Amino acid sequence: MSAQPAAAAPQAPPEAAPLIRAVDLARTFDVSAPWLNRVLERKPRQLLHAVDGVSFEIERGQTLALVGESGCGKSTVARLLVGLYQPSRGHFEFAGQDAHAAYRSRSGRAIRRHIQMIFQDPYASLNPRWRVADIVAEPLREHGLISERAALEARVGELLQSVGLSPLDRVKFPHQFSGGQRQRISIARALATQPEFLVCDEPTSALDVSVQAQVLNIMKDLQRQQGLTYLFISHNLAVVRHVSDHVGVMYLGRLVELAPKQALFAQPRHPYTRMLLEAIPKLHHTGHARTPVQGEVPNPLNPPTGCAFHPRCPAANRRCSSERPVLQSLDGVRVACHAVEEGRL
Amino acid sequence: MSLLQVQNLVVEFPSRHGTLRALDQLSFEIAPGEILGVVGESGAGKSLTGAAIIGLLEPPGRIASGQILLEGERIDNLPPDQMRRIRGRRIGAIFQDPLTSLNPLYSIGRQLIETITTHLPLTHAQARQRAIELLQETGIPAAQERIDHYPHQFSGGMRQRVVIALALAAEPKLIVADEPTTALDVSIQAQIINLLKSVCKKHGAAVMLITHDMGVIAETCDRVAVMYAGRIAEIGPVRDVIHAAAHPYTQGLMRCIPDIEVERQNLHQIDGAMPRLNAIPPGCAFNPRCPQVFARCHQERPELMPAATTQAACWLNASPTSPARAAALPEAQP
Amino acid sequence: MKSTLFKWLDSDVGHSFRTSPAALFAAAIALVCGLAALFAPWVAPHNPFDLATLDLNNARLPPAWYPEGQWTFLLGTDDQGRDILSALIYGARISLFVGLISVLLSVLLGVTLGLLAGYLGGWVDALLMRLCDVMLSFPAILIALLIAGIGHTLFPNAHEALAFGVLIAAITLTGWVQYARTVRGSTLVERQKEYVQAARVIGVSSLAIMRRHVLPNVLGPVLVLATIQVATAIITEATLSFLGVGAPPTSPSLGTLIRIGNDYLFSGEWWITIFPGLVLVLIALSVNLLGDWLRDALNPRLR
């Protein structure tokens, strides 16, 4: 059987429309104790609002980075976009069509060819019992894109080369590779079906600095060559500065700031963004004594009322503890902060 | 006099396939009260160095040769019960995961008091008072009540503070901290680093801070040792190692760290990877990846030698008038 | 084939095997018993089930080293003149056959249910685990007796194959639970790993993920359990046969032989029951030792 041509993208909308559009995405998890315990110990139902109304857009060919600390929901957003979770509320559009409707339907399943994911842990993201050739070829086989053996082998070799590995590596097992090389194999697998959108969940956090540099460079080159769009999740703002075009800062499931990279780093508006930037240990400030902000991220099961950041915020007032701020545009930047809105910051 | 002296330490792992040398002729010193950073990538041997000093090498790993001297006395060849007395009393330890560093079944007060009474001649009441003071010092609010709480009732950052209190409980002279902030959020990291620095200065304890995060090193340490493939590549004052490194590996490493202040098109990368323990090339371990390699690098292994402001294990720094360099083959293209 | 064997012997597991006296001894015993059982018609000096060759004059002869014994009947004869040694070999054959088949079926059933329970979760998991709990709360022998009893009542004129079927079913149905639980636990762990999530993102169906991705990674502990359970199965079978509800008397297994011999123990003809008992112990011991070695060899932390 001859190789089928790579799947064509769904009908391309006019240039102005962004490739990805998330509208009020939310995901709640029920983490209550089992029914019997709840009845006997009179425990309440507990809901975890991992993602609580997140909206953003990503233009084709650009990279949006989502940053935040643990519990902010950025990984959940990533999994919502690739269909690993269903949204509890809201929706997201891929090239104009409702992605989750597509994920669920039989015919729309093909959307998975266009959206792929790279994971954080290079040791757990490849099946230790499969050879590299099978791992990289799996998406091609699953979607029936190439079935002839020689063509499949050729394509696998091509993909391995594009990430800087040798086509001869295809017969090896994952444990024969280092962390950085495994991450490259993950990238090769993700690119097998020529996707347009790649969700990257902390792809270099588990790698050493020199290896991280190699992988980030490859990702940037591939983006340039193939016009890929990335959603890049990270907690490392220095890496984010290097790879992103736009940056979204998340805190306890909400977007607090969304701005083009230059604007965010030059002039962070939201108090949490400022705190994050201030808190990063900087290479060139040897012996610099920072003034770290007090407090820790609150328990996501019991978020503060109003603005989630108000207990730690130096600029909080009464309104902040009762009314939840909305993401508003201001000079090309979107910020969810009463103090900024009121001009106090 | 140095607080800690490590001299030509060799740690080996005998295995069926042969003996693997994980640490190869390691030598360095820590002065009293100083903070020495030990930085390196995975597999460089930094955690092993910490484990060897505390005496917690996992068998079959063992110290094959070399000496570790604490305040002039050898501690590497002590029997286990004597080593146990030194651990905790003169050397404290902080590990990466605050979750597993504390026993979940005992209250933190009990763990603190147990450590204090084991090493110091205090009564239970005195030990308890001291424990409360330590908790207050490390920033645990309401220490009087929280001393009886269990580890699961604390958040990650709080737990790491308790671990720091535990490490300081018996007034050790040296604290070995192995990746103390890696498992914590960025904002908590900043707090813990500051705490470690201030509390150790206050108690006059020296710190050996092991981490892979150069930013943390830059802000905390006085001196730093850069490890590569079980050896020290460079050691010196932190500002000099970061800004004026003499070893090509250190130079490359500093350049590939993405900097939040400066933007670059492509990150500088060091091609290749750190060699595995059973495949370390002869001569300088870095020679396959070094942009300035020459003939001697493949033949002789360089020892730490003085460079401009640091000490680097690199033949580029061999003194031009030394007979060693004169005897070297002329520089050849790799 | 040969090169694969050499490569395996050189690996970590193979090395552990070569240097472990217990493993070598156990493997030797198991191999001897296995081969003897397999080639029984050629190995056994007599055919104890061929009624034509039996002679009641040879009944209850003691082992050959006794003055009354004969060398053609090395280990003596039973009450019907059957050679004990031959009966042992044929009996071991039955025991091993029943043991291996029932373990195989247990593994198939247990692994499948464990995978489904672990991967699908929810009510499937709850249902299957409650089933396991119920089955575990009954002693295995009682359940086996129950099933065997029901079987014999339903098919009173059971001929051999049916008797074996019931026997194998009884042992299978009591043995599958431990595999289900182990595999369920491993599946729960593997399900969270990123390679499974990657497969879901690619669009692979749940069944395909279970079969192709999860299954190869959860089989490790199953192997160890299965090896040890062969011994348990053989002993269970022996117990059932001893109690009279196991192998039919026309093809006696080791358990049946023990039962038959039990009646003669006090009249002094100890060899009719002791030798089958010894062989049973030997097989069970060697399989257990192999299983222990395998578990230690496969444990990454002990390596």
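Residues numbered from 1 in each chain as written. Chains lettered and ligands numbered in written order. Predicted model: local features only at pLDDT ≥ 70, side-chain atom pairs only at ≥ 80, totals over all residues.

Points about the domain arrangement of chain B
When the parts of a complex come together, some accessible area is lost, and that lost area is often taken as the interface size. All names here are of chain B. As far as domains go, chain B holds domain 1 (4-221) and domain 2 (231-327). Here domain 1 and domain 2 have C-alpha centroids that lie 29 Å from each other. Secondary structure elements with two or more residues in the side of domain 1 that touches domain 2: β2 (18-30) and α9 (214-220). By residue number, the principal contributor to the side of domain 1 that touches domain 2 is β2, which donates 7 residues. (Domains from an automatic or database assignment. Helix = DSSP H or I, 4+ residues; strand = E, 2+ residues; numbered from the N terminus.)

Observations concerning the interface of chain A and chain B
Listed per partner, the contact involves 34 residues of chain A and 37 residues of chain B. Of all the elements in the fold, those that place two or more residues in the side of chain A that touches chain B are α7 (209-226), α8 (237-243) and α10 (271-279) of chain A. Ranked by residues supplied to the side of chain A that touches chain B, first place goes to α7 of chain A with 7 residues. The residue inventory of the side of chain A that touches chain B, partitioned by class, reads 15 nonpolar, 12 polar and 7 charged. (Contact = placed C-beta atoms within 7 Å. Nonpolar A, V, L, I, M, F, W, Y, C, P; charged D, E, K, R; others polar.)

Let's talk about the sheet that holds strand β5 (residues 73-74) of chain B
Residue and element names in this part refer to chain B. With antiparallel pairing, 4 strands are arranged side by side in an open sheet as β2-β1-β4-β5. Strand pairing shows two members of the sheet lacking a second neighbour, β2 and β5, which therefore form its edges. For strand β4 (residues 62-70) and β5, the ladder comprises 2 bridges, and the chain directions are antiparallel. From the neighbouring strand, Leu69 faces β5, where its bridge partner is Arg74. Packed on one face of the sheet, helix α1 (residues 46-54) meets β1 (4-15), β2 and β4 and runs near 75 degrees to β2. (Pairing = 2+ DSSP bridges. Axes fitted to C-alpha atoms, helices over the stretch in contact; angles between N-to-C directions.)

Description of the sheet that holds strand β4 (residues 89-94) of chain A
Residues and elements named next belong to chain A. Spatially, β2-β1-β4-β5 is the arrangement adopted by the 4 strands of the open sheet, whose pairing is antiparallel. The open sheet has two free edges, formed respectively by β2 (47-58) and β5 (97-98), since each of these has just one partner strand. Summarising the sheet, β4 and β5 pair through 2 bridges and their orientation is antiparallel. The partner of Glu93 across the bridge, within β5, is Asp98. Sheet strands in contact with helix α2 (residues 74-81) are β1 (20-30), β2 and β4, and its direction is about 65 degrees off that of β2.

Concerning the nonpolar core
Core analysis: the largest hydrophobic core is formed by 283 residues, its most contacted members being Leu231 of chain A together with Leu167 of chain C. Broken down by element, the residue count for this core peaks at 18 residues, all from helix α5 (residues 84-120) of chain C. When residues of this core are assigned to domains, at least three map to each of domain 1 (4-221) and domain 2 (231-327) of chain B. Those residues in contact with Leu231 of chain A, other than ones at most four positions away along the chain, are Ile58, Leu64, Leu66, Ala78, Leu81, Val199 and Cys200 of chain A. (Core = buried A, V, L, I, M, F, W, Y, C linked by C-beta atoms within 7 Å. Buried ≥ 20, exposed ≤ 12 C-beta atoms within 10 Å, placed from the backbone.)

Looking at the confidence of the model for chain A
Caution applies to low-pLDDT parts of the model: their predicted coordinates are not meant to be read in detail. With 92% of its residues at a pLDDT of at least 70, chain A reaches an overall mean of 86. Averaged pLDDT values over the elements of chain A bottom out at 78 in helix α1 (residues 35-41) of chain A and peak at 95 in strand β3 (residues 63-67) of chain A. (pLDDT = per-residue confidence, 0-100.)

Structural notes on the packing of helix α3 (residues 21-38) of chain C against α5 of chain C
The relative placement of two packed helices comes down to the angle between their axes together with the axis-to-axis distance. Residue and element names in this part refer to chain C. Two numbers describe how α3 lies on α5: the axes approach to 8 Å, and their chain directions differ by 100 degrees. The orientation of α3 with respect to α5, classified from their angle, is roughly perpendicular. Across the interface between the two elements, Cys33, Gly34, Ala36 and Ala37 of α3 pack against Ile89, Ala92, Arg93 and Leu96 of α5. Looking at side-chain class alone, the contact of α3 with α5 contains 6 nonpolar, 1 polar and 1 charged residues. (Parallel < 35°, antiparallel > 145°, perpendicular 65-115°, else oblique.)

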